[in-house]
Amino acid sequence: NLNDLSFDQRMMWSNYVKGTLQSLKNKHHEINGANLVVFGNVPQGAGLSSSASFEIAIVKAFASLYQLDIDGIDAALIGQQAENDFVGCNCGIMDQLISAMGQQGHAMLLDCKDLSFEDAPIPDDLAILIVNSNVKRGLVDSEYNLRRQQCEQVARYFDKSALREVTMKMLNSAKDHIEPVLFKRARHVISENDRTYASLDALRNNDISAISAAMKGSHASMRDDFEVTTKEIDGLVEIIDAVLGNEGGVRMTGGGFGGCVVALVPTAMIEQVKEVVNSKYETEFGLEPSIYLCTATQGAFR
């Protein structure tokens, strides 16, 4: 009932519907109900933005049903608000915005501060391979919110609204005045921002070795500074990296503490990577991996 959108602890998935509709009603009072059938092929609890894509699908459905004037930025903000205020996960807006505004065959560099973005083509001879470690994760119950709080602490130290405005030089100059754990958290975020710029250039220049180096550095930083990986995720990255070398890249994807790794794999090496993962991962960790060959497709509001 739209007049009783209360949190349901027993049926967690329904809260993403309720939260999205509550956010939608705040801006579009004219909406009424709908009978919905929900299905999908995005694995839940795997760090693949299943909740964000679900929220955007709900906004798209109601925008179509009631001819609402909503663009992709609006849709992303509605989805983020649902997560923050209703579900209780203090997530950013990246996942919702790529679901709404992705461009087919392209990666997106998003500035989460002003919501501007640039697209870069994914080379035709690179495939997106997702490997699910099948270590289940839950952002609300994990340390995701704690990581966010730690980063906000460091931003406040520099009197900035976000680490987006802090440079590595600024951070290093204040190292003696920041708690070591907070310093590591901030170093990950700031260095990751630098890697995203490097990756944008690398994609546009079809520089595979630079993409490889950026993804390798990204995973090491998540493992050592942000401390959000698991032994299974690290193992998957090592298994795939041993095959790819500098001909592709691999790193954890999502909020951490389980879930998936993403690899950019030359099309000629796809079967080789699959075989190595299938032969080594379960032997080493006792879990069967799930492998998905993906493409970058058009966003719901693009």
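Residues numbered from 1 in each chain as written. Predicted model: local features only at pLDDT ≥ 70, side-chain atom pairs only at ≥ 80, totals over all residues. Heavy atoms only, no water.

Chemist: Pulling in residues and values, what's your account of the pairing of strand β4 (residues 249-253)?
Modeler: Among the five residues that make up β4, five are buried, leaving the element largely enclosed by the rest of the structure. One ladder, built from five bridges, connects β4 with strand β5 (residues 260-266); its direction is antiparallel. Its bridge partner being in β5, Thr-253 is matched across the sheet by Cys-260. Hairpin remark: β4 followed by β5, antiparallel, with six residues in the connecting loop; positive phi at Gly-254, about 95°. (Buried < 20%, exposed > 50% of the residue type's maximum accessible area, 1.4 Å probe, protein only. Helix = DSSP H or I, 4+ residues; strand = E, 2+ residues; numbered from the N terminus. Pairing = 2+ DSSP bridges.)

Chemist: Quick rundown of helix α3 (residues 72-87)? Include the residues and the values.
Modeler: Taking 1.5 Å as the rise per residue, α3 with 16 residues should run 22 Å; its terminal C-alpha atoms sit 21 Å apart, in good agreement. Considered for burial, the residues of α3 that qualify are Gly-72, Ala-75, Ala-76, Ile-78, Gly-79, Gln-80, Ala-82, Glu-83, Phe-86 and Val-87. On the buried face of α3, the contacting elements are α1 (12-27), α2 (50-65) and α4 (94-101). Of the residues that open α3, the one with a side-chain oxygen 3.2 Å from the backbone nitrogen of Ile-73 is Asp-71. Immediately beyond the C-terminal end of α3, within one or two residues, lies Gly-88, with a positive phi of roughly 100°. (Expected span 1.5 Å × (residues − 1). Contact = heavy atoms within 4.5 Å. Polar contact = N/O pair within 3.5 Å; in protein donor to acceptor, adjacent residues only side chain to side chain.)

Chemist: Describe the sheet that holds β4, and please don't skip the residues or the numbers.
Modeler: Taken in spatial order, the four strands line up as β4-β5-β3-β6 in an open sheet, and their pairing is antiparallel. In this open sheet, the two strands that pair with only one neighbour each are β4 and β6 (290-294). Pairs of neighbouring strands in the sheet enclose a mean axial angle of 25°, with direction left out of account. Set on the sheet, helix α8 (residues 208-226) makes contact with β3 (126-132), β4 and β5; between it and β4 the angle comes to about 35°. The sheet strands contacting helix α9 (residues 231-244) are β3, β4 and β5, and the helix crosses β5 at an angle near 5°. (Axes fitted to C-alpha atoms, helices over the stretch in contact; angles between N-to-C directions.)

Chemist: Any details on unusual backbone geometry? Residues and values, ideally.
Modeler: One non-glycine residue, Ser-49, adopts positive backbone phi at about 65°. Within the secondary structure layout, Ser-49 lies in the loop between α1 and α2. On the accessibility criterion, Ser-49 (21% relative accessible area) is partly exposed. You will see that Leu-115, though not glycine, has its phi angle at about 60°, which is positive. Residue position: Leu-115 is located in the loop between β1 (106-111) and β2 (116-121).

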